[in-house]
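Chain by chain, the residues:
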Amino acid sequence: MQTSNSPRDSFSSRFGVIAAAAGSAIGLGNIWRFPYETGVNGGGAFLFVYLICILLIGLPVMISEFLIGRSAQRNPFGAFKKLAPGKPWFLIGLMGVVAAFMILAFYTVVAGWTLEYIYQSFLGTLKDKDPVELKGMFDSFRNESYRPLLWFVIFISLTGWVVIAGIKDGIEKYTKVLMPLLLLMLIGMSVYVLTLPGAFKGIEFLFKPDFSKLSSEVVLKALGQAFFSLSIGMGTLITYGSYIKKKENLGATALSVAGADTFIAVLAGVAIFPAIFALGNVQSLDVSSLADEGLVFITLPSILYSIPGGQILSTMFFILLAVAALTSTISVLEVIVTYFVEELKLTRRKATVSAVLSVSVLGVLSVLLTGVFGFLNFTSANILLPLGGLFIVLFVGWFMSRKVTLEELTNKGEVRARFIPVYLFLVKFVAPIAIAIIFIYGLWSAF
Ligand code: TRP
């Protein structure tokens, strides 16, 4: 990314934009966080609310971030300063930087776990273990301090290295091959688990909503998960929007990104829930005993190792997962680095090193103290991102010039964007009111 005084780069093609934004959106949020949040919060009912949140709130916020970024041509902080000079809207950008720190400090810990699982798969230690043993392995690994810490440091350094070296182009080239491969693996795993006895119960759990499971806290968590998974609410996509060419159709781009992200999350659910029930005849295993942060690290190895060539498949899967996580950590770190470079006038190298070091301090605490990990995970997704999203839609709905908004959405009349009246209604009324209500009730019951 460029500083504000050099000419701005842009994505070279429609596919380039979608691939980069989808690379940010698709990550551990879909494959690690979505399944266990769904498991803990009641299955189908959670999924139902999640999908509504994506459609009525997430999509409008995403379009708003893109259009703010593209019209301002700045980082989030600078964008609000430019579009609303002398007004406090730039605080949204600042809140985004804080959220980025918090997200990196727990997300990179989980990304580190994927490295441990690549290593363990490679060694073959996950072979011939039943789910109960795999759960034991996961729990004891997590309670250690040395190894999780080491993997965390490796992963955050890797992220910093990619951001400094500016080799994102290189990464993008690999991502374009590896992400479709991840998709294929997930499809293959989903099809396979569906053939296992007992699988249907998992599908039922995922898709049959039991609305008695709904509470205001569950709805808040579905909203938080939607924001987290789409990478919205902290300005990542404002930054990406500033690199989108003027001729691209913002609405269509957002729709593709949100569609791909949601599809992958649901697919991960289809691969995982039937597996839990199919494996469920093993002792006391049920959703409630499994559905925590270890879910993916327990169920996926057990599915993969029941297929011939399991060791290779498992190694491959965790490599792909680590790559998906890396394209997301890069996009989060980029928010902090761009802010340091453009607003504090640090060089890119200094900015990245200071960001990595300060994230590491918080990260060490979140590796060692489960309470800190949980706090960062809960607060960033369920509080900071929805709050950021609320202000973003309020900004576009009530503050930003309507003329600029319409120009951005239609590319100055070049494209017909028939969704505009619906979009405006959503950003002015539906999204802000819904976020505010969910937020107040959800926090009320959570604390
Ligand atoms: N969406 C990513 C995932 O699902 C994580 C992520 C990347 C993110 N950038 C973000 C979350 C910005 C919130 C805001 O894994």
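Residues numbered from 1 in each chain as written. Predicted model: local features only at pLDDT ≥ 70, side-chain atom pairs only at ≥ 80, totals over all residues. Heavy atoms only, no water.

1. Notes on the nonpolar core
Here is step 1 of the chain: Ranked by size, the top nonpolar core spans 156 residues in total, and within it W32, M62, F66, I68, W113, F297 and F317 carry the most contacts.
Here is step 2 of the chain: A total of 19 residues in this core trace back to one element, the largest contributor, which is helix α5 (residues 90–123).
Here is step 3 of the chain: Sequence-distant contacts of F297, defined by excluding residues within four places in its chain, comprise W32, V110, W113, T114, Y117, F138 and F318. (Core = buried A, V, L, I, M, F, W, Y, C linked by side-chain atoms within 4.5 Å. Buried < 20%, exposed > 50% of the residue type's maximum accessible area, 1.4 Å probe, protein only. Helix = DSSP H or I, 4+ residues; strand = E, 2+ residues; numbered from the N terminus. Contact = heavy atoms within 4.5 Å.)

2. Some remarks on the side chain of E248
Here is step 1 of the chain: By the secondary structure assignment, E248 is in the loop between α11 (236–241) and α12 (250–278).
Here is step 2 of the chain: When sequence neighbours within four positions are dropped, the list of residues in contact with E248 reads S13, R14, V17, R70 and N411.

3. A look at the side chain of R142
Here is step 1 of the chain: Positionally, R142 belongs in helix α6 (residues 131–143).
Here is step 2 of the chain: Exposure remark for R142: the relative accessible area of 16% places this residue in the buried category.

4. Some words on the site of the ligand
Here is step 1 of the chain: Neighbouring residues of the ligand: 17 residues in total, closest A25, G29, Y107, F228 and S231.
Here is step 2 of the chain: In the model, a nitrogen atom of the ligand is placed 3.4 Å from a nitrogen or oxygen of the S24 main chain.
Here is step 3 of the chain: When the ligand is considered free in solution it has 370 Å² of accessible area, and contact with the protein chains removes 100% of it.
Here is step 4 of the chain: Where the shell around the ligand is concerned, the elements lending two or more residues are α1 (14–25), α2 (28–40), α5, α10 (216–230) and α15 (310–343).
Here is step 5 of the chain: Of the residues belonging to the shell around the ligand, the class tally is eight nonpolar, nine polar and no charged. (Near = heavy atom within 4 Å. Polar contact = N/O pair within 3.5 Å; in protein donor to acceptor, adjacent residues only side chain to side chain. Areas by Shrake-Rupley, 256 points an atom, 1.4 Å probe, with all protein chains shown as cover. Nonpolar A, V, L, I, M, F, W, Y, C, P; charged D, E, K, R; others polar.)

5. So, the pattern of salt bridges
Here is step 1 of the chain: If you walk through the whole model with that rule in mind, you get 12 salt bridges.
Here is step 2 of the chain: The closest approach of N and O atoms between D139 and K135, which form a salt bridge, is 3.5 Å. Pair noted here: D139 and K135 are both in helix α6, with a separation of four residues, about one helical turn.
Here is step 3 of the chain: Measuring nitrogen to oxygen at the nearest pair gives 2.8 Å for the salt bridge that ties R348 to E334. With R348 in helix α16 (residues 348–368) and E334 in helix α15, this pair connects stretches of sequence that are 14 residues apart. (Salt bridge = Lys/Arg side-chain N within 4 Å of Asp/Glu carboxyl O.)

6. Some details on the packing of aromatic side chains
Here is step 1 of the chain: For the coordinates displayed, the defined rule picks out 29 aromatic pairs.
Here is step 2 of the chain: Taking the centre distance of 6.1 Å and the plane angle of 50° together, the rings of Y339 and F340 count as tilted.
Here is step 3 of the chain: In textbook terms, an aromatic cluster arises when at least three aromatic residues are bridged by ring pairs, as seen for W32, Y36, F106, Y107, W113, Y117, F138, F228, F297, F317, F318 and F373.
Here is step 4 of the chain: Sitting over the ring of W398, K428 keeps its end group 4.3 Å from the ring centre. (Phe/Tyr/Trp six-rings, centres within 6.5 Å; stacked < 30°, edge-to-face > 60°. Lys NZ or Arg CZ within 6 Å of the ring centre and 35° of its normal.)

7. Remarks on the confidence of the model for the chain
Here is step 1 of the chain: Here the chain averages 91 in pLDDT, while 95% of its residues score no lower than 70.
Here is step 2 of the chain: Between residues 1–5, whose pLDDT stays under 50, and residues either more than four places distant or in other chains, the model counts 16 contacts. (pLDDT = per-residue confidence, 0-100.)

8. Considering the environment of L376
Here is step 1 of the chain: Relative to the helices and strands, L376 is located in helix α17 (residues 370–399).
Here is step 2 of the chain: When its relative accessible area of 4% is taken as the criterion, L376 is described as buried.
Here is step 3 of the chain: Expressed as a C-alpha distance, the spacing of L376 and L362, which sit 14 residues apart in the sequence, is 9.6 Å.
Here is step 4 of the chain: In this view, L376 contacts M102, A105, F106, L362 and S366; residues no more than four positions away in its chain are not counted.

9. A short note on the packing of helix α4 (residues 76–83) against α5
Here is step 1 of the chain: Two elements in contact, α4 and α5, have axes whose closest approach is 7 Å; the angle formed by their N-to-C orientations is 175°. One finds that α4 runs roughly antiparallel with respect to α5. Residues P76, F77, F80 and K81 of α4 pack against F90, I92, G93 and L94 of α5.
Here is step 2 of the chain: Of the residues in the contact of α4 with α5, the class split is six nonpolar, one polar and one charged. (Axes fitted to C-alpha atoms, helices over the stretch in contact; angles between N-to-C directions. Parallel < 35°, antiparallel > 145°, perpendicular 65-115°, else oblique.)

10. Thoughts on α4
Here is step 1 of the chain: Considered for burial, the residues of α4 that qualify are P76, F77, G78, A79 and F80.
Here is step 2 of the chain: The inward-facing, buried residues of α4 contact α3 (44–72), α5, α11, α15 and α17.
Here is step 3 of the chain: Between a side-chain oxygen at the N-terminus of α4 and the backbone nitrogen of F77 the separation is 2.9 Å; the capping residue is N75.

11. Focus on a nonpolar patch on the surface
Here is step 1 of the chain: Together, L181, L184, I187, V191, F263, I312 and M316 make up an exposed nonpolar region whose accessible area comes to about 640 Å².
Here is step 2 of the chain: Mapped onto the nonpolar patch, the elements with two or more residues apiece are α8 (168–194) and α15.
Here is step 3 of the chain: Under the relative-accessibility criterion, L184 is labelled exposed at 56%. (Patch = residues over 30% accessible without salt bridge, like charges linked within 9 Å, V, L, I, M, F, W, Y side chains within 5 Å.)

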